[in-house]
Amino acid sequence: MAKPDCAVCKGLGWRVFVRDGIDVADRCPCVAETAAGDLEGQAQIPANFAAASFENFRLPQDNPISQKVLADVMLAVSSYTRSYPNVAKPGLLLVGPPGTGKTHLAVAALRILISRGHAGIFFDYQNLLERIRSSFNETLGASNRDTYRNALDSEILVLDDLGAHRVTDWVEDTVTALITHRYNHRKTLIATTNLTDPEITGSLVEKASVTSAGHSYKVSLEERIGERARSRLFEMCRVIRMPNVEDYRIKRMK
Ligand SMILES: Nc1ncnc2c1ncn2[C@@H]1O[C@H](COP(=O)(O)OP(=O)(O)OP(=O)(O)O)[C@@H](O)[C@H]1O
Ligand SMILES: [Mg+2]
Ligand SMILES: [Zn+2]
């Protein structure tokens, strides 16, 4: 679709120019812009993150080590978006403590991919599960069934805060079905989580030290989403571990 008020093509979608004395036409750039705009509109990025980008992702200035590690994380995510879709694993799993910028980076990546014409959609894990649950209810059902289909079939799915939900068989089955479907069709999943996993953190040791330091016991990914979903997740996503930097929400208040 062209922009109806485009100054170049007057809404026709083509621009005509003369080359070697002949009139030729090509697609007006406004067509691609509106397509990207539509894709961004469909992506349901929450207002809080509507402007999240790599440019406005700040690196800590007061701590050179944190600065370096966080810069490496940001570079890994941005190089993934640059190579996409020519990437070894189709997705990313951003793991780490609250407020370290996981959702920010996931959305920054999604927005870049959308601007390049890929279709993607953002879901908060809890909200998605709620909507899937109410899709079984006849009166609320139809629109929520569409929601579920989008989560299954969208080229790119950002699943934010994966595992942030008490476990029931229903949750485990639903997440396994979703991840298995996307895995089987090699569809991109960009997930964030603050759950631990022995594969990532060598967790048993870390769990013990976390508990002895007086913090609450950390739940593992496997406990929350089940063994099968976890296994597929690791196969389809490159794991990016967030460093233990200060919670940005707290830092911002200072
Ligand atoms: N390095 C950063 N530079 C700029 N803004 C940041 C940075 N890190 C986080 N933020 C901002 O701080 C807020 C919290 O970050 P974000 O939500 O991405 O953290 P998170 O790791 O997803 O936390 P949680 O595990 O609680 O979901 C957001 O508004 C985000 O845009
Ligand atoms: Mg988050
Ligand atoms: Zn135009």
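This one's a predicted model, so the numbers in the text were calculated from it and none came from an experiment.

(A) How the structure looks around helix α2 (residues 64-83). Taking 1.5 Å per residue as the helical rise, α2 with its 20 residues ought to reach 28 Å, and the 28 Å between its terminal C-alpha atoms agrees with that figure. Of the positions making up α2, those classed as buried are S66, L70, A71, V73, M74, A76, V77, S78, Y80 and T81. Its buried side turned inward, α2 meets β3 (91-95), α3 (102-115), β6 (188-193) and β7 (237-241).

(B) Examining the pattern of salt bridges more closely. Evaluation of the coordinates by the stated rule reveals eight salt bridges. A cluster of three or more residues bridged by salt bridges with shared partners is formed by D197, E199 and R230.

(C) Spotlight on the pairing of β6. Burial runs high along β6: six of the six residues are buried. Handedness of the crossover joining strand β5 (residues 156-160) and β6 through helix α6 (residues 169-184) is recorded here as right-handed.

(D) View of the coordination of the zinc ion (ligand 3). Coordination of the zinc ion (ligand 3) by the protein is provided by C6 (SG), C9 (SG), C28 (SG) and C30 (SG), with metal-donor distances spanning 2.2 to 2.3 Å. For the zinc ion (ligand 3), the four donor atoms in the first shell make angles of 104 to 113° at the metal, so the coordination geometry reads as tetrahedral.

(E) Spotlight on the packing of helix α4 (residues 125-134) against α6. For the pair α4 and α6, interaxial distance at closest approach is 11 Å and the crossing angle is 100°. Between α4 and α6, the crossing angle belongs to the class labelled roughly perpendicular. Taking contact as the criterion, the partners of Y125, L128, L129, I132 and R133 in α4 are, on α6, W170, V171, T174, V175 and L178. The residue makeup of the contact of α4 with α6, split by class, is eight nonpolar, one polar and one charged.

(F) Focus on the packing of aromatic side chains. Enumeration over the complete set of coordinates arrives at one aromatic pair. Positioned above the aromatic ring of W170, the side-chain terminus of R133 is 4.4 Å from the ring centre. The ring of Y183 has R232 lying over it, and the distance from NZ or CZ to the ring centre is 5.8 Å.

Rules used throughout
- Residues numbered from 1 in each chain as written.
- Chains lettered and ligands numbered in written order.
- Predicted model: local features only at pLDDT ≥ 70, side-chain atom pairs only at ≥ 80, totals over all residues.
- Heavy atoms only, no water.
- Helix = DSSP H or I, 4+ residues; strand = E, 2+ residues; numbered from the N terminus.
- Expected span 1.5 Å × (residues − 1).
- Buried < 20%, exposed > 50% of the residue type's maximum accessible area, 1.4 Å probe, protein only.
- Contact = heavy atoms within 4.5 Å.
- Salt bridge = Lys/Arg side-chain N within 4 Å of Asp/Glu carboxyl O.
- Right-handed = clockwise from strand over helix to strand, strands pointing away.
- Donors = N, O, S within 2.8 Å, 3.2 Å for Na, K, Ca; no water.
- Tetrahedral: all angles 85-135°; square planar, octahedral: opposite > 155°, others 65-115°.
- Axes fitted to C-alpha atoms, helices over the stretch in contact; angles between N-to-C directions.
- Parallel < 35°, antiparallel > 145°, perpendicular 65-115°, else oblique.
- Nonpolar A, V, L, I, M, F, W, Y, C, P; charged D, E, K, R; others polar.
- Phe/Tyr/Trp six-rings, centres within 6.5 Å; stacked < 30°, edge-to-face > 60°.
- Lys NZ or Arg CZ within 6 Å of the ring centre and 35° of its normal.

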